Amino acid sequence: MKNKYKLLTLAPFCYSNPSVGSSSKLVIFLLIPQIVMLFITKSYNSVMEIFVAILAALAADVIYSLFVKKSIFPSITVFMQGLLIGFFVPEGYSFVLLFFVVLFSLLVTYYLFGGFAQSWINPVAITVIFLYLFGTKFFPDFTVDIFHLQSPNVGQQLVNDGLIPKIKCDSNITNFLNAKLFKYAGVALPEGYISIFWDTGALIPAFRFNLLTIIATMVLISYGGIKWIIPFVFLFTYGFLVRVFGLYPFGGILNQGDILLAIFSSGTIMGAFLLLQWPGTVPMTIVGKVIYGLLAGIFAFLIMGCGTSPIGIMFVILITNAISPLIQFLEDLIYQKILRVKGNKHD
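Residues numbered from 1 in each chain as written. Predicted model: local features only at pLDDT ≥ 70, side-chain atom pairs only at ≥ 80, totals over all residues. Heavy atoms only, no water.

1. Considerations on the packing of helix α11 (residues 229-245) against helix α14 (residues 286-304)
Note the threshold: The axes used here are C-alpha line fits, helices contributing only the stretch in contact, and every angle between their N-to-C directions lies in the interval 0 to 180 degrees. Strands are runs of DSSP state E lasting at least two residues, helices are runs of H or I lasting at least four, and both sets are numbered from the N terminus onward. Each crossing gets its hand from how the near helix is turned against the far one by less than a right angle, where anticlockwise is left-handed and clockwise is right-handed. Should any heavy atoms of two residues lie within 4.5 Å, those residues are counted as being in contact. Throughout this entry, Asp, Glu, Lys and Arg are counted as charged residues, while Ala, Val, Leu, Ile, Met, Phe, Trp, Tyr, Cys and Pro are counted as nonpolar. The remaining residues, Gly among them, count as polar.
Running from amino to carboxyl end, α11 crosses α14 at an angle of 35°, the nearest separation of the two axes being 7 Å. In this structure, α11 crosses over α14, and the sense of that crossing is right-handed. Each of Ile229, Ile230, Val233, Phe234, Thr237, Tyr238, Leu241, Val242 and Phe245 in α11 lies in contact with α14, whose residues at this interface are Ile286, Lys289, Val290, Tyr292, Gly293, Leu294, Ala296, Gly297, Ile298, Ala300, Phe301 and Met304. Residue composition of the contact of α11 with α14, grouped by class: 17 nonpolar, 3 polar and 1 charged.

2. Structural notes on the pattern of salt bridges
The condition that has to hold: Salt bridges are identified by distance alone: a Lys or Arg side-chain nitrogen within 4 Å of an Asp or Glu carboxyl oxygen. Remark: exposure states derive from per-residue accessible area (1.4 Å probe, protein chains only) relative to the maximum for the residue type, with buried under 20%, exposed over 50%, and partly exposed in between.
This structure, assessed with the given rule, holds 2 salt bridges. Between Lys166 and Glu191 there is a salt bridge, with the nearest N and O atoms lying 2.9 Å from each other. Of the two residues, Lys166 is situated in the loop between α7 (154-160) and α8 (170-180) and Glu191 in the loop between α8 and α9 (193-198); the sequence distance between them amounts to 25 residues. You can call Lys166 partly exposed: its relative accessible area is 40%. The salt bridge involving Asp199 is made with Arg208; its shortest N-O contact spans 2.9 Å. In terms of burial, Asp199 and Arg208 fall into one category: buried.

3. What about helix α13 (residues 268-275)?
Of all 8 residues making up α13, 8 are buried, and the element is well covered by its neighbours. Regarding α13, the residues found buried are Thr268, Ile269, Met270, Gly271, Ala272, Phe273, Leu274 and Leu275.

4. Things to note about the side chain of Thr320
Summarising the element assignment, Thr320 is placed in helix α15 (residues 312-346). Exposure remark for Thr320: the relative accessible area of 2% places this residue in the buried category. Ignoring anything within four residues of it in the chain, the contact list for Thr320 reads Tyr292, Ala296 and Phe299.

5. A word on the nonpolar core
As a reminder of what qualifies: Buried Ala, Val, Leu, Ile, Met, Phe, Trp, Tyr and Cys residues form a nonpolar core when they are joined through side-chain atoms within 4.5 Å.
The biggest cluster of nonpolar side chains holds 86 residues, and the ones touching the most others in it are Phe88, Leu131, Phe234 and Met314. The leading source of residues in this core is helix α2 (residues 44-68), at 8 residues. Not counting the four nearest positions on each side in its chain, Phe88 is found in contact with Val128, Phe139, Ile204, Ala206, Phe207, Gly267, Met270, Gly271, Leu275, Ile313 and Met314.

6. Quick notes on helix α5 (residues 123-134)
Threshold: Every helix has an expected span of 1.5 Å times one less than the residues it contains. Polar contact is defined as a pair of N or O atoms within 3.5 Å, subject to the rule that within protein one atom must be able to donate a hydrogen and the other to accept it, and that residues adjacent in sequence are counted only when both atoms are side-chain atoms.
Spanning 12 residues, α5 covers 16 Å between terminal C-alpha atoms, matching the ideal 16 Å at 1.5 Å per step. The set of residues buried in α5 consists of Pro123, Val124, Ala125, Ile126, Thr127, Val128, Ile129 and Leu131. A side-chain oxygen of the first residue of α5 lies 2.8 Å from the backbone nitrogen of Val124; this N-cap is Asn122.

7. What about the environment of Leu58?
Its place among the elements puts Leu58 in helix α2. Judged by its relative accessible area of 22%, Leu58 is partly exposed. As a C-alpha pair, Leu58 and Leu106 span 48 residues in sequence and 9.9 Å in three-dimensional space.

8. Some details on the side chain of Ser266
Positionally, Ser266 belongs in the loop between α12 (259-263) and α13. A polar side-chain atom of Ser266 sits 2.7 Å from the main-chain amide nitrogen of Ser309. Those residues in contact with Ser266, other than ones at most four positions away along the chain, are Phe207, Met304, Gly307, Thr308, Ser309 and Ile313.

9. A look at the packing of helix α10 (residues 210-223) against α13
Selection criterion: The cut-offs work like this: below 35 degrees is roughly parallel, past 145 is roughly antiparallel, 65 to 115 is roughly perpendicular, and the gaps in between are oblique.
Running from amino to carboxyl end, α10 crosses α13 at an angle of 20°, the nearest separation of the two axes being 9 Å. The orientation of α10 with respect to α13, classified from their angle, is roughly parallel. For the crossing formed where α10 meets α13, the hand is left-handed. Along its contact with α10, which presents Asn210, Thr213, Ile214, Thr217, Leu220 and Ile221, the element α13 presents Ile269, Met270, Phe273 and Leu274. Taken together, the residues that form the contact of α10 with α13 break down as 7 nonpolar, 3 polar and no charged.

10. Side note on unusual backbone geometry
Although it is not a glycine, Lys42 adopts a positive phi angle of roughly 60°. By the element assignment, Lys42 lies in the loop between α1 (20-40) and α2. Among the residues examined, Lys42 registers a relative accessible area of 62% and is labelled exposed. A positive phi angle, close to 65°, is found at Ser266, a residue other than glycine.

11. Digging into the confidence of the model for the protein
Caution is warranted with low-pLDDT regions, since their predicted coordinates should not be read in detail. Short version of the rule: Confidence scores labelled pLDDT are given residue by residue by the predictor and lie between 0 and 100.
Residues with a pLDDT of 70 or more make up 86% of the protein, whose mean pLDDT is 83. Averaged pLDDT values over the elements of the protein bottom out at 70 in helix α6 (residues 146-149) and peak at 94 in α5. Of the regions scoring below 50 in pLDDT, residues 1-15 engages in 0 contacts with residues more than four places distant in sequence or in other chains.

Here it is as structure tokens:
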């Protein structure tokens, strides 16, 4: 009998959503083109920093596993965790400092908040914040200043000033899109935004290849690896606030903020889709997720402003994670009340 039941499996059943491990594999696969682009653009230091972050994440998991006496073979999710941390590290960060800060931060996170899926605080976000606190000098400043915020097209001004490199075909693509597509909507795309869309040239890899990030997130959503509600509500809220109020405090007028720059800088896209709804950190109900995304969008506007923030998205994720248990507590109360009402009806 013992040998017979060794063959018992769950094969007749299937999951309605991909597992965390399957989603992690897909995320790693979809980020490979961006690593290739780092090689093509000769950003070798960034590639090495990603490699060091992965090594540190694996080492932290092995050490933690030894203490809790479980298998010391790291999972694919730990590899993805290190990969995402590396993408938010600025080029030029000390390799030695990077390794030990990531190792220390993840061990603290595992000990205080639990493992990968049990943590109620995003380990990538808190690790990048530790990296910022221990190595602030390696992180760039806000690219946008008061002078740029007085321009109606902030992104175009940054490109014109050389703060964002302009690709050679920017003008041709912009003219084509305006002539063949945008003119029917009564709008025109200013020059420079194609460059922002393709490669911002930022020191932090997660801020650079927005087109590749968008393609990756579209694949993840269609595959079911991530849900769309939280990131879409977050981006809509943040974009709306930037558009309406972004320039007003700096001498501008209402409804003139630069949505494209805000969304395509600061690692906003990658943070919204890959980090904001980390397993174990989000509410369960649709209403709870909408509130979660709405609060994240508000915090993003208050912390990141009109974009180009070097670390703001991580603080947004951390603050929203801290509020999530309260939302989940309210979800439980409402659910219990609904069950009591239904029970009284049946009685």
